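Given next are the chains, with one letter for each unit.
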Amino acid sequence: MNTIRADMTKSIDPDLMVLAGSIIRSGGLVAFPTETVYGLGGNALDPEASRRIYAAKGRPSDNPLIVHIADLGSLSRIVSRIPDSALALADAFWPGPLTMILPRSSEVPSETTGGLDTVAVRMPSHPVALELIRKSGGYIAAPSANTSGRPSPTRAQHVYDDLNGRIDMIIDGGPVGIGIESTIIDLTEEVPMVLRPGFISIDMLRAVVGEVRMDPGLRADDPSFRPKAPGMKYRHYAPKASLIIVEGEENAVRARIEELAREAEENGGLAGIIATDEDASSYTHGIVRSAGTRSDEITISRTLFGILREFDDLHVSVIYSEAFDTPQLGTAIMNRLLKAAGHQVILV
Ligand code: TXA
Ligand code: MG
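Just so it is clear, the model here is predicted, and its values are computed rather than measured.

(A) Spotlight on a negative patch on the surface. Taken together, the side chains of Glu249, Glu250, Asp277 and Glu278 define an acidic patch exposed on the protein surface. Locating Asp277 in the fold gives a position in the loop between β13 (271-275) and β14 (287-290).

(B) A look at the environment of Pro327. Its place among the elements puts Pro327 in the loop between β15 (318-322) and α11 (330-340). With a relative accessible area of 77%, Pro327 lands in the exposed category. Each C-alpha atom of the pair Pro327 and Ser201 lies 9.5 Å from the other, and the pair is 126 residues apart in sequence.

(C) Main features of the site of ligand 1. In the neighbourhood of ligand 1, 27 residues make up the surrounding shell, with Thr36, Asn63, His68, Ser182 and Gly231 lying closest. With respect to ligand 1, the side chain of His68 contributes an N or O atom lying 2.6 Å from an oxygen atom. Take Gly231: an N or O atom from its main chain is 2.6 Å from an oxygen atom of ligand 1. Its free accessible area being 680 Å², ligand 1 has 99% of it covered by the protein chains.

(D) A look at unusual backbone geometry. Residues Trp94 and Pro95 are joined by a peptide bond in cis, for which omega reads -5°. Structurally, Pro95 is set in the loop between α4 (84-93) and β5 (98-103). Phi is positive for His315, which is not a glycine, with a value near 55°. As for its position among the elements, His315 is in the loop between α10 (298-313) and β15. Of note in this structure, His343 is not a glycine but carries a positive phi near 65°. With respect to the helices and strands, the residue His343 is situated in the loop between α11 and β16 (345-347).

(E) Inspection of a nonpolar patch on the surface at higher detail. Side chains of Leu72, Ile82 and Leu87 sit close together on the surface and give an oily, nonpolar patch of about 220 Å² of accessible area. Its place among the elements puts Leu72 in the loop between β4 (66-68) and α3 (75-78). The exposure class assigned to Leu72 is partly exposed, which follows from its relative accessible area of 39%.

(F) The sheet that holds β15, seen in detail. The strand order across the open sheet formed by five strands is β14-β13-β15-β12-β16, and the pairing between neighbours is parallel. Either end of the sheet is taken by a strand with one partner, and the two such strands are β14 and β16. Strand-to-strand, the axes of this sheet are offset by a mean angle of 20°, without reference to chain direction. Set on the sheet, α11 makes contact with β12 (242-247), β15 and β16; between it and β12 the angle comes to about 135°.

(G) Structural context of helix α9 (residues 250-266). Relative to the 24 Å expected for 17 residues at 1.5 Å per residue, α9 spans 25 Å between its end C-alpha atoms, a close match to the ideal helical length. Buried within α9 are the following residues: Val253, Ile257, Glu258, Leu260, Ala261 and Ala264. End-on, the buried residues of α9 take up no more than an arc of 165°, which puts them together on one face. Looking at the buried side of α9, the elements it contacts are β12, β13, β15 and β16. At the N-terminal end of α9, a side-chain oxygen is found 3.2 Å from the backbone nitrogen of Asn251, two or three residues along, and the residue is Glu249. At the exit of α9 stands Gly268, carrying a positive phi of roughly 85°.

(H) The environment of Asp168, seen in detail. Mapped onto the secondary structure, Asp168 falls in the loop between α6 (156-163) and β8 (169-172). Residue classification places Asp168 among the partly exposed positions, given a relative accessible area of 23%. Considering only alpha carbons, one finds Asp168 and Met1, 167 residues apart in sequence, at a separation of 7.2 Å. Among all residues touching Asp168, those that are not within four sequence positions of it are Met1, Asn2, Thr3, Ile4, Ile23, Gly28 and Leu29.

(I) Fine view of the packing of aromatic side chains. By the definition in use, this model includes zero aromatic pairs. Cation over ring: Arg5 sits above Tyr160, and NZ or CZ is 4.3 Å from the ring centre.

(J) Region of the structure containing the packing of α10 against α11. For the pair α10 and α11, the least separation of the axes is 10 Å and the interaxial angle reads 15°. Here α11 runs roughly parallel to α10, going by the angle between their axes. As α10 packs across α11, the resulting crossing turns out to be left-handed. Within the contact between the two elements, α10 uses Ile300, Ser301, Leu304, Phe305 and Leu308 and α11 uses Ile333, Arg336, Leu337 and Ala340. In terms of residue class, the contact of α10 with α11 is built from seven nonpolar, one polar and one charged.

Calculation criteria
- Residues numbered from 1 in each chain as written.
- Chains lettered and ligands numbered in written order.
- Predicted model: local features only at pLDDT ≥ 70, side-chain atom pairs only at ≥ 80, totals over all residues.
- Heavy atoms only, no water.
- Patch = residues over 30% accessible without salt bridge, like charges linked within 9 Å, V, L, I, M, F, W, Y side chains within 5 Å.
- Areas by Shrake-Rupley, 256 points an atom, 1.4 Å probe, with all protein chains shown as cover.
- Salt bridge = Lys/Arg side-chain N within 4 Å of Asp/Glu carboxyl O.
- Lys, Arg positive; Asp, Glu negative; His and termini not counted.
- Charge placed at Lys NZ, Arg CZ, Asp CG, Glu CD.
- Helix = DSSP H or I, 4+ residues; strand = E, 2+ residues; numbered from the N terminus.
- Buried < 20%, exposed > 50% of the residue type's maximum accessible area, 1.4 Å probe, protein only.
- Near = heavy atom within 4 Å.
- Polar contact = N/O pair within 3.5 Å; in protein donor to acceptor, adjacent residues only side chain to side chain.
- Pairing = 2+ DSSP bridges.
- Axes fitted to C-alpha atoms, helices over the stretch in contact; angles between N-to-C directions.
- Contact = heavy atoms within 4.5 Å.
- Expected span 1.5 Å × (residues − 1).
- Arc of directions from axis to C-beta.
- Phe/Tyr/Trp six-rings, centres within 6.5 Å; stacked < 30°, edge-to-face > 60°.
- Lys NZ or Arg CZ within 6 Å of the ring centre and 35° of its normal.
- Parallel < 35°, antiparallel > 145°, perpendicular 65-115°, else oblique.
- Left-handed = near helix turned anticlockwise from the far one by under 90°.
- Nonpolar A, V, L, I, M, F, W, Y, C, P; charged D, E, K, R; others polar.

Everything listed here is a matter of coordinates, which is why it stays silent on function.
Right, here's the structure in full:
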């Protein structure tokens, strides 16, 4: 299959957008930018399109897809009930990086929801995403546009690397703003529950709907706790080299990573180091990448997945990362980093 590359980094190209919409309406797949990560879009109401999404990604089909809408009026067709909490959260955070789990209507094929009787819904804020949804009939199922198991794509080139030749079109909207996937909140529970942390923090959610719990399955690396979102159980975001997080007091962390990187070198290996602007230049061994500055945590979330992919390309033998327990995004960043590390942490 020839994959069309559509450049919309500067502005939306109306002709290509109409073409993209017609591809999705006729059952094809288009990757597109959102404010979180790039998505791989197909018609959410077409079971065949959902099957194609799973096949292109190599994703297990019990892992449900998020349905993306462009206006609140579209919600009633795909859900059987809209709780007040959903309206309040939509008012506060849509369009934006929040996905809500709601009871599904019979219009949504079970292929899209991985057989569940609930559906995940999000209204993204990226103008290219919104325009594509409108041109495609209003309902786009879109997982992150990576091959299953690889870090989510934060640039069109990442999508190209994973999916060229397997999908109909890639729309390039430039690098994304947030860089980690949306917060998922389950509103079908008695107390709303966060199934995946993201840019919208639990405190921001509580400020709107009161009590909110964190899925206990997220915290534990004990496999007897199963996360409720099927996708959170997979070893996602995994770089090829083994990743180890070093956590503790700043100077001690730096010293330990420096020592570990030197040891890797002495053993004929090459370490990749994930540092910050504040201390990247202090390392003298390994390949050092700064994830951003601790004083502006979104620079870290935006960069992280790209660095993991870069270390894959550079064939490092091991990756050491500082921990990023920053105020708003720390929970989400550490959730992704811990998963990528298979929960290997050195405390210093
Ligand atoms: O930011 C995002 O959410 C991006 C962009 C493209 O919108 N999308 C994304 O999709 O991250 P994906 O497929 O990579 O992750 C969706 C997550 C999976 O962990 C899946 O198991 C969970 O959402 N999920 C989807 N539907 C669900 C449902 N009905 N109940 C529980 N979890 C659900
Ligand atoms: Mg994903």
